[in-house]
Amino acid sequence: MLDLFSEEAPWSEPLAEGAVILRRRARDEANTLMALVTEIAAKNPFYHRITPGGHRMSVAMTNCGDFGWSTDSRGYQYSERDSMTGHRWPGMPELFRQMATICAAEAGFTHFTPDACLINRYEPGAKLTLHQDKDEQDLTQPIVSVSLGLPAVFQFGGFERGDATQRVLLEHGDIVVWGGPSRLCYHGILPLKPGLHPLTGAFRYNLTFRRAFR
Ligand code: MD6
Ligand code: FE
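Just so it is clear, the structure is predicted and the values come from calculations on it, not from any experiment. (Residues numbered from 1 in each chain as written. Chains lettered and ligands numbered in written order. Predicted model: local features only at pLDDT ≥ 70, side-chain atom pairs only at ≥ 80, totals over all residues. Heavy atoms only, no water.)

### A few points about the side chain of Arg49
Mapping Arg49 onto the fold places it in the loop between helix H1 (30–43) and strand E3 (60–65). Look at Arg49 and you get buried, because its relative accessible area is 3%. (Helix = DSSP H or I, 4+ residues; strand = E, 2+ residues; numbered from the N terminus. Buried < 20%, exposed > 50% of the residue type's maximum accessible area, 1.4 Å probe, protein only.)

Right, here's the structure in full:
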């Protein structure tokens, strides 16, 4: 039947113990979120950073908040300044902070107040190999991740790099919240397929909210 009101309400899907996907949860705020990303990137542009191993990352990154995550020849770390510009990271917009706190609470993590937001930009072919997020001080705090634009296949594994992984498609407006028993699970993004999204064009963006320091 023709449905003139086909925009579905967000729904949630469990991913693992302590990890849940809030499907389409950021869809209504997506335009505003992207406008804020554009403002942040005008101050501290996206860069393809060089890993400690000397590789240029296919994902381009910037940050906002009190601390930003980056990598250079010295290693991976959170810092108050962008090593490329020498500037402090732009402040975290109130909308970002509120969304992260509310979505963490919806997933059962109360009192999450992010101090860092890493913004990743994927172009066709860009990927993130399996990794753990373990540079944060307090691993009882969850991570909240917002996907915008082109869809990507997310791999979610176990505590060892070689463990079997599940694959789930993350689409525009999906939010993943995870912590607790899953906090140190390996995860990654498969190479982005080319496409054109009405809001983000040829890119996928991912915002990950973290509590870097206690
Ligand atoms: C991405 N996300 O979705 C990459 N890490 O583009 C991550 O690496 C990630 O989504 C920790 C928690 C949630 C995430
Ligand atoms: Fe990660």
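### Some thoughts on the nonpolar core
Side chains of a nonpolar character, in soluble globular proteins, are inclined to be buried together. Counting residues in each nonpolar core, the largest one holds 31 residues, and the members touching the most others are Phe96, Ile175 and Phe209. Those elements that place two or more of their residues in this core are strand E2 (19–23), H1, E3, helix H2 (94–106), strand E6 (116–122), strand E8 (143–149), strand E11 (175–178) and strand E13 (204–210). If you tally residues by element for this core, the top one is H1, at seven residues. Residues contacting Ile175, with those up to four places away along its chain left out, are Val20, Ile21, Leu22, Arg25, Ala26, Met99, Cys103, Val144, Ser145 and Val146. By size, the runner-up hydrophobic cluster in this structure holds 26 residues, among which are Met57, Met61, Val176 and Leu192. (Core = buried A, V, L, I, M, F, W, Y, C linked by side-chain atoms within 4.5 Å. Contact = heavy atoms within 4.5 Å.)

### Side note on the coordination of the iron ion (ligand 2)
Each protein donor to the iron ion (ligand 2) is listed here as His131 (NE2), Asp133 (OD) and His187 (NE2); together their distances run 2.1 to 2.2 Å. Between consecutive donors of the iron ion (ligand 2), the numbers of intervening residues give the motif H-x1-D-x53-H. (Donors = N, O, S within 2.8 Å, 3.2 Å for Na, K, Ca; no water.)

### Details of the pairing of E11
Along E11, one buried face is formed by Ile175 and Val177 and the opposite face, lined by Val176 and Trp178, is buried too. Where E2 lies against E11, four bridges are found, and the strand directions are antiparallel. Within E11, the residue paired with Val20 across the bridge is Val177. Across four bridges, the pairing between E8 and E11 is antiparallel. Note on E11: the bridge partner recorded for Val146 is Ile175. (Pairing = 2+ DSSP bridges.)

### Regarding the sheet that holds E8
Across the sheet, seven strands lie side by side as E1-E2-E11-E8-E13-E6-E3; this open sheet has antiparallel pairing. The open sheet terminates on both sides in strands that have one partner only, identified here as strand E1 (11–16) and E3. Geometrically, the sheet is characterised by an average inter-axis angle of 20° between neighbouring strands, direction not taken into account. The strands touched by H1 are E3, E6, E8 and E13; relative to E8, the strand with the most contacts, the crossing angle is about 95°. Across the sheet, H2 lies against E2, E3, E6, E8, E11 and E13, angled at about 60° from E11, the strand it touches most. (Axes fitted to C-alpha atoms, helices over the stretch in contact; angles between N-to-C directions.)

### Some remarks on the side chain of Thr62
Position of Thr62 among the secondary structure elements: in strand E3. Residue classification places Thr62 among the buried residues on the basis of a relative accessible area of 0%. In this structure the side chain of Thr62 is engaged in a polar contact, spanning 2.6 Å, whose partner is the backbone oxygen of Asn44. Beyond its immediate sequence surroundings of up to four residues, Thr62 is in contact with Ile40, Asn44, Pro45, Phe46, Trp89, Cys117, Leu118 and Ile119. (Polar contact = N/O pair within 3.5 Å; in protein donor to acceptor, adjacent residues only side chain to side chain.)

### Digging into the packing of H1 against H2
Taken N-terminus to C-terminus, the directions of H1 and H2 make an angle of 125°; their axes are 10 Å apart at the nearest point. The angle between the axes of H1 and H2 places the two elements in the oblique class. Taken as a pair, H1 and H2 cross one another with a handedness that is left-handed. For the pair H1 and H2, contact is made by Thr32, Leu33, Leu36, Val37 and Ile40 and by Leu95, Phe96 and Met99, respectively. The residue inventory of the contact of H1 with H2, partitioned by class, reads seven nonpolar, one polar and no charged. (Parallel < 35°, antiparallel > 145°, perpendicular 65-115°, else oblique. Left-handed = near helix turned anticlockwise from the far one by under 90°. Nonpolar A, V, L, I, M, F, W, Y, C, P; charged D, E, K, R; others polar.)

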